[in-house]
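# Overview (structure and organization)
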Amino acid sequence: MALAIIAYTLSDNDLPAEYRGLLHHLRLNPERKFFADLAIKVGNLTEAKVLWTAAGTLLYSLFSLVEAVGMMFRVGWAGWLAIGESAFFIPIEVFELIHRPSKVVLVILALNIFIVWYLFKNRDWLFRHHHHHH
C-alpha cells in the first residue's frame, strides 16, 4: 500500500528531477549506464502511467490483505486465493520464457509450478480451519 501511496503522491511531480535528486541524496553516480538507462525510462513516464501503476499496486495490496486475513483465520476461500494468486503468474512466466529465454525465469517458473502443485495437493491440510474442542 505504501508503494501505491508513494506513486500516487509523485504522479504529478517532475519525475526526472525527483530521480536526479534521489541519486544525489544517495550519492550515486548518475553517469553510470544503469542509472542513465533508468533515467531515460523515468523520463518516459507520464502522469497517467504512474496513476495506473498506483491503482494496480493498491488493488494488488488490498487483494493480499484480504488473502492474509483469510489465511490468518484459516478459511477455505483464502487457500483458493493463495493457489490462484500463485497460478496467475505462470502464464506470465511462460510468456517471458518464450520471448526472453533465461535460466532464471525457467527456475522461477519451475518453482512456481511446484508451489501451485504443493498448495493444491495439500489444501485440505494447509487451509483447514482447526476447531478446538474443550
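Notes on the structure follow. Just so it is clear, the model here is predicted, and its values are computed rather than measured. (Residues numbered from 1 in each chain as written. Predicted model: local features only at pLDDT ≥ 70, side-chain atom pairs only at ≥ 80, totals over all residues. Heavy atoms only, no water.)

As a further point, take the layout of surface pockets. Here the largest pocket is characterised by a volume of approximately 360 Å³. Lining the largest pocket are 15 residues, with Ile6, Ala7, Leu10, Leu15 and Leu45 sitting closest to its centre. Only helix H1 (2-10), helix H2 (15-25) and helix H4 (47-72) provide two or more residues apiece to the lining of the largest pocket. If you tally residues by element for the lining of the largest pocket, the top one is H1, at five residues. A breakdown of the residues in the lining of the largest pocket according to their chemical character gives 12 nonpolar, two polar and one charged. (1 Å grid on protein atoms, 1.4 Å probe; cavity = no way out; pocket = protein on both sides within 12 Å on 5 of 7 lines; lining within 4 Å. Points joined across faces, edges and corners; volume = space filled by probe spheres on them. Helix = DSSP H or I, 4+ residues; strand = E, 2+ residues; numbered from the N terminus. Nonpolar A, V, L, I, M, F, W, Y, C, P; charged D, E, K, R; others polar.)

Looking now at helix H6 (residues 103-121). Between its terminal C-alpha atoms H6 stretches 27 Å, which fits the 27 Å expected from 19 residues at 1.5 Å a residue. The set of residues buried in H6 consists of Val105, Leu109, Asn112, Val116 and Leu119. For H6, the angular spread of the buried residues around the axis is 100°, confining them to a single face. H6 presents Lys103 and Lys121 as exposed residues on the side facing more than 90 degrees away from its buried surface. Close packing links the buried residues of H6 with helix H5 (76-99) and helix H7 (123-127). (Expected span 1.5 Å × (residues − 1). Buried < 20%, exposed > 50% of the residue type's maximum accessible area, 1.4 Å probe, protein only. Arc of directions from axis to C-beta. Contact = heavy atoms within 4.5 Å.)

Turning next to a nonpolar patch on the surface. Taken together, Met1, Ile5, Leu58, Leu62, Leu65, Val69, Met72 and Phe73 make up a surface patch of nonpolar side chains, about 760 Å² in accessible area. Counting residues per element, the nonpolar patch draws most heavily on H4, which supplies five residues. Relative to the helices and strands, methionine 72 resides in helix H4. (Patch = residues over 30% accessible without salt bridge, like charges linked within 9 Å, V, L, I, M, F, W, Y side chains within 5 Å. Areas by Shrake-Rupley, 256 points an atom, 1.4 Å probe, with all protein chains shown as cover. Salt bridge = Lys/Arg side-chain N within 4 Å of Asp/Glu carboxyl O.)

A few words on the nonpolar core. With eight residues, the main nonpolar core is built from Ala7, Leu15, Tyr19, Leu23, Phe35, Val42, Val50 and Ala54. Per-element accounting of this core gives the leading share, three residues, to H2. The residues contacting tyrosine 19, other than those within four sequence positions of it, are Phe35, Leu38, Ala39 and Val42. In terms of nonpolar packing, the next biggest core, distinct from the first, is built from seven residues, Ala82, Ile83, Leu109 and Leu119 among them. (Core = buried A, V, L, I, M, F, W, Y, C linked by side-chain atoms within 4.5 Å.)

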